[in-house]
Protein chains: 2
Amino acid sequence: MKYFFLFAHPEPELSYQAALLASGCAALEQAGHEVQVSNLYKMGFNPVASGADFPTRRFPDRLQYDREQKGAAAADQLADDVKAELAKVFWCDVFVMQFPLYWYSMPAIMKGWIDRVFVNSIVYGAGKRYESGGLKGRRAMVCTSTGAYEPMFRPDGLLGDMDRALWPIHNGILFYAGFQVLPPFVAWSPTHSDAATTEGYLSTYGERLLAAGETTPMAFHPTTDFGSDFRLKEGIAPRSAGHWRP
Amino acid sequence: MKYFFLFAHPEPELSYQAALLASGCAALEQAGHEVQVSNLYKMGFNPVASGADFPTRRFPDRLQYDREQKGAAAADQLADDVKAELAKVFWCDVFVMQFPLYWYSMPAIMKGWIDRVFVNSIVYGAGKRYESGGLKGRRAMVCTSTGAYEPMFRPDGLLGDMDRALWPIHNGILFYAGFQVLPPFVAWSPTHSDAATTEGYLSTYGERLLAAGETTPMAFHPTTDFGSDFRLKEGIAPRSAGHWRP
């Protein structure tokens, strides 16, 4: 299988996150899988969605970023870095977003990758969403690490349910774009853990990645659960948080 | 009162979001309030948290961003732009985060403002969180706009509850940093709305801002709801989504 890692850490080669990445990639390559990595800090990726992405504009008076994305896609005038990243994500079978949790979410450099690379009309829009999203047929998985201890991220924990923290990414980005979303891999507080724990994460991460093809995806609502009023059909209850926990 | 608007839109002066901002600021100034705005796109704000923020390092071998923030804060060596933004947020009584919703969250340029400006040891850390957060005594409010229609963001809507989409911002950033968090102001699908609706948003936004001092904040769990195990005390149920809706 083909794995594409989107990776963001301000210490792109020496951090514990970098060790996780190296360990995960090595496990996959040893098993004969293909791997590509976008190491965003190392690449100096530009995370700011702006008019600079469009040398020619459909609507020059007032920037409407998503409509310009659509126009640039149709005219094959997307920015070179956006094109290159799109090629990687369409190439892969498994898309891994790997980052340390910053303020309940991904670091800005990765959010900007999503803003710029998940292009309107290619990844979403014009009927492309959820099971019909542009990236359908692929699987995706978040790998993150926390400063906080695991119990703090339980439904009754100090920081609230990790599932709720990741919901905008899981449902709003990955499932929306068409991926089957696998349960996240979380390295809980590696800085405050002993060597056995942090080394354990390195090997279990490889195992989780190797199993990506057979892992049961998390359940989200496909568009067929909704009526023409965009509301859940009668008898279908909104999914609650926490369903991915073992 | 003193209002600080953190504003991000790639069309910083001509967009509908910019019109909302201008209208809100005008209403406040006419009523005698003081206003500051950080218009992030116009400022060319750097959203990438990196080692470049620390000319001298406590731990030169391996960047640990939060620990370097703490060191730089103690040595009064924070980056100039970070210092300037911190001064604005500490100056204000009401902090408004205003942005178009990009992938269930804020544009990357604003996420990077949070990553860089909400400095460890000043805003959070060392016991500073929730009601003891560094920005306690202030109020905060999200103002956003959507491409989607309002029913799509109901608990049973196609995109899930807007409250759940905003939870990482409301609880994980604003309440965590010490703010009392006011219900968000949402301009639903202004591009697909008639003039009466979009003009209506302009005036109701001003009213909502003027009422910020008296508006009942949303309910989140203060640290006193949790035991020494960081779990909710017996008899206290985890807050569910949707509680801010009228």
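Residues numbered from 1 in each chain as written. Chains lettered and ligands numbered in written order. Predicted model: local features only at pLDDT ≥ 70, side-chain atom pairs only at ≥ 80, totals over all residues. Heavy atoms only, no water.

Caption draft 1: Local environment of the overall build of chain A. A tally of regular secondary structure across chain A gives seven helices and six strands. When the helices and strands of chain A are placed in sequence order, the string is β-α-β-α-α-α-β-α-β-α-β-β-α. For 246 residues, the compact-globule formula gives about 18 Å, and the C-alpha radius of gyration of chain A, at 19 Å, lands near that figure. A principal-axis box enclosing the C-alpha atoms of chain A has dimensions of 55 × 50 × 35 Å. Counting all 246 residues of chain A, 58% fall into the buried class. Within chain A, counting contacts between residues at least 6 apart in sequence, those at least 24 apart form 75% of the total. Carbon and sulfur atoms form 52% of the exposed surface of chain A, whose accessible area is close to 9500 Å². One way to put it: in chain A the 23 positive side-chain charges average out to a point 8 Å from where the 26 negative ones average out. (Helix = DSSP H or I, 4+ residues; strand = E, 2+ residues; numbered from the N terminus. Rg over C-alpha atoms; globule rule 2.2 N^0.38 Å. Buried < 20%, exposed > 50% of the residue type's maximum accessible area, 1.4 Å probe, protein only. Contact = heavy atoms within 4.5 Å. Areas by Shrake-Rupley, 256 points an atom, 1.4 Å probe, with all protein chains shown as cover. Lys, Arg positive; Asp, Glu negative; His and termini not counted. Charge placed at Lys NZ, Arg CZ, Asp CG, Glu CD.)

Caption draft 2: View of the pairing of strand E1 (residues 2-7) of chain B. All names here are of chain B. The element E1 is extensively covered by neighbouring structure, given that five of its six residues are classed as buried. In the sheet, E1 pairs with strand E2 (residues 34-39) via six bridges, with the strands oriented parallel. From the neighbouring strand, Phe4 faces E2, where its bridge partner is Gln36. For the crossover from E1 across helix H1 (residues 16-30) to E2, the handedness is right-handed. The sheet contact formed by E1 and strand E3 (residues 94-100) spans five bridges and is parallel. (Pairing = 2+ DSSP bridges. Right-handed = clockwise from strand over helix to strand, strands pointing away.)

Caption draft 3: Spatial organisation of the relation of the copies chain B and chain A. When chain B is fitted to chain A, the best match, at an RMSD of 0.0 Å, comes from turning it 180° and sliding it 0.0 Å along the axis. What the rotation and shift describe, once combined, is the action of a two-fold rotation axis. Residues of chain B ranked by C-alpha distance from the rotation axis are headed by Ala108(B), positioned 2.4 Å from it. Of the residues that chain B buries at the interface, 100% are likewise interface residues in chain A, meaning the two copies contact each other through the same surface. (Least-squares fit on C-alpha atoms with pLDDT ≥ 70 in both.)

Caption draft 4: Structural view of the pattern of salt bridges. On inspection of all chains with the given rule, the structure shows 20 salt bridges over all chains. With a closest N to O distance of 4.0 Å, Glu68(A) and Arg57(A) form a salt bridge. With Glu68(A) in helix H3 (residues 65-74) and Arg57(A) in the loop between helix H2 (40-43) and H3, the pair connects residues that are eleven residues apart, well separated along the chain. Using a relative accessible area of 28% as the deciding quantity, one classes Arg57(A) as partly exposed. Salt bridges sharing common partners tie together Glu11(A), Arg57(B) and Glu68(B). (Salt bridge = Lys/Arg side-chain N within 4 Å of Asp/Glu carboxyl O.)

Caption draft 5: Quick peek at the pairing of E3(B). All names here are of chain B. Along E3, seven of the seven residues are buried, which leaves the element largely enclosed by surrounding structure. Side chains Val94, Val96, Gln98 and Pro100 of E3 all project onto a buried face; the interleaved residues Phe95, Met97 and Phe99 project onto the opposite face, where all are buried too. Taken together, the seven bridges between E3 and strand E4 (residues 139-145) define a ladder with parallel strand orientation. Looking at the pairing, Val94 lines up with Arg139 of E4. Note that the unit made of E3, helix H5 (residues 108-117) and E4 has a crossover that is right-handed.

Caption draft 6: Representation of the nonpolar core within the structure. Counting 167 residues, the largest nonpolar core has Phe95(A), Trp113(A), Phe118(A), Phe95(B), Trp113(B) and Phe118(B) as the members making the most contacts within it. Residues contacting Phe118(A), with those up to four places away along its chain left out, are Gln69(A), Val89(A), Phe95(A), Trp113(A), Val123(A), Tyr124(A), Leu135(A), Ile173(A), Ala177(A), Phe179(A) and Trp103(B). (Core = buried A, V, L, I, M, F, W, Y, C linked by side-chain atoms within 4.5 Å.)

Caption draft 7: Structural view of the packing of H1(B) against helix H7 (residues 195-210) of chain B. Residues and elements named next belong to chain B. Closest axis-to-axis distance for the H1/H7 pair is 8 Å, and the angle between their directions is 40°. Relative to H7, the element H1 is oriented oblique. Two packed elements cross with a definite hand, and for H1 against H7 that hand is right-handed. The residues of H7 that touch H1, namely those facing Tyr16, Ala19, Leu20, Ser23, Gly24, Ala27 and Leu28, are Thr198, Tyr201, Leu202, Tyr205, Gly206, Leu209 and Leu210. For the contact of H1 with H7, the per-class residue count stands at ten nonpolar, four polar and no charged. (Axes fitted to C-alpha atoms, helices over the stretch in contact; angles between N-to-C directions. Parallel < 35°, antiparallel > 145°, perpendicular 65-115°, else oblique. Left-handed = near helix turned anticlockwise from the far one by under 90°. Nonpolar A, V, L, I, M, F, W, Y, C, P; charged D, E, K, R; others polar.)

Caption draft 8: Highlighting the interface of chain B and chain A. Between chain B and chain A, the residue contacts involve 59 residues of the former and 59 residues of the latter. Each partner contributes to the roughly 5000 Å² buried at the junction of chain B and chain A, and carbon and sulfur atoms together form 63% of this total. Per-residue buried area on chain B facing chain A is highest for Trp103(B), Leu158(B) and Arg164(B); these three make up 19% of the total on that side. In this assembly, chain B and chain A are joined by four salt bridges. Between Asp156(A) and Arg231(B) there is a salt bridge, with its nearest N and O atoms 2.7 Å apart. Mapped by element, the contributors of at least two residues to the side of chain B that touches chain A are H5 and helix H6 (162-175) of chain B. (Buried area = accessible area lost by both parts, 1.4 Å probe.)

Caption draft 9: The arrangement of helix H1 (residues 16-30) of chain A in detail. End to end, H1(A) covers 21 Å across 15 residues, agreeing with the expected 21 Å (1.5 Å per residue, within 8%). The elements touched by buried residues of H1(A) are strand E1 (2-7), strand E2 (34-39), strand E3 (94-100), strand E4 (139-145), strand E6 (185-187) and helix H7 (195-210) of chain A. (Expected span 1.5 Å × (residues − 1).)

Caption draft 10: Local environment of the environment of Gln98(B). Residues and elements named next belong to chain B. By the secondary structure assignment, Gln98 is in strand E3. With relative accessibility at 0%, the residue Gln98 sits in the buried group. As a C-alpha pair, Gln98 and Cys143 span 45 residues in sequence and 4.6 Å in three-dimensional space. Excluding anything up to four places from it in sequence, Gln98 contacts Phe5, Leu6, Phe7, Ala8, Gln17, Leu20, Leu21, Met110, Cys143 and Tyr205. Separated by 2.9 Å, the side chains of Gln98 and Tyr205 make a polar contact. (Polar contact = N/O pair within 3.5 Å; in protein donor to acceptor, adjacent residues only side chain to side chain.)

Caption draft 11: Local environment of the environment of Gly147(B). Residues and elements named next belong to chain B. Along the chain, Gly147 falls in the loop between E4 and H6. The exposure class of Gly147 is exposed, given its relative accessible area of 51%. As a C-alpha pair, Gly147 and Gly227 span 80 residues in sequence and 41 Å in three-dimensional space. Setting aside its immediate chain neighbours within four residues, Gly147 contacts Ser189 and His192.

Caption draft 12: How the structure looks around the confidence of the model for chain A. Residues and elements named next belong to chain A. Looking at chain A as a whole, its pLDDT mean stands at 95, while 97% of the residues score no less than 70. Low confidence marks residues 242-246, where pLDDT is under 50. Its contacts with residues over four positions away, or in another chain, come to 18 contacts. Under the prediction, the complex receives an ipTM of 0.96, its pTM being 0.97. (pLDDT = per-residue confidence, 0-100.)

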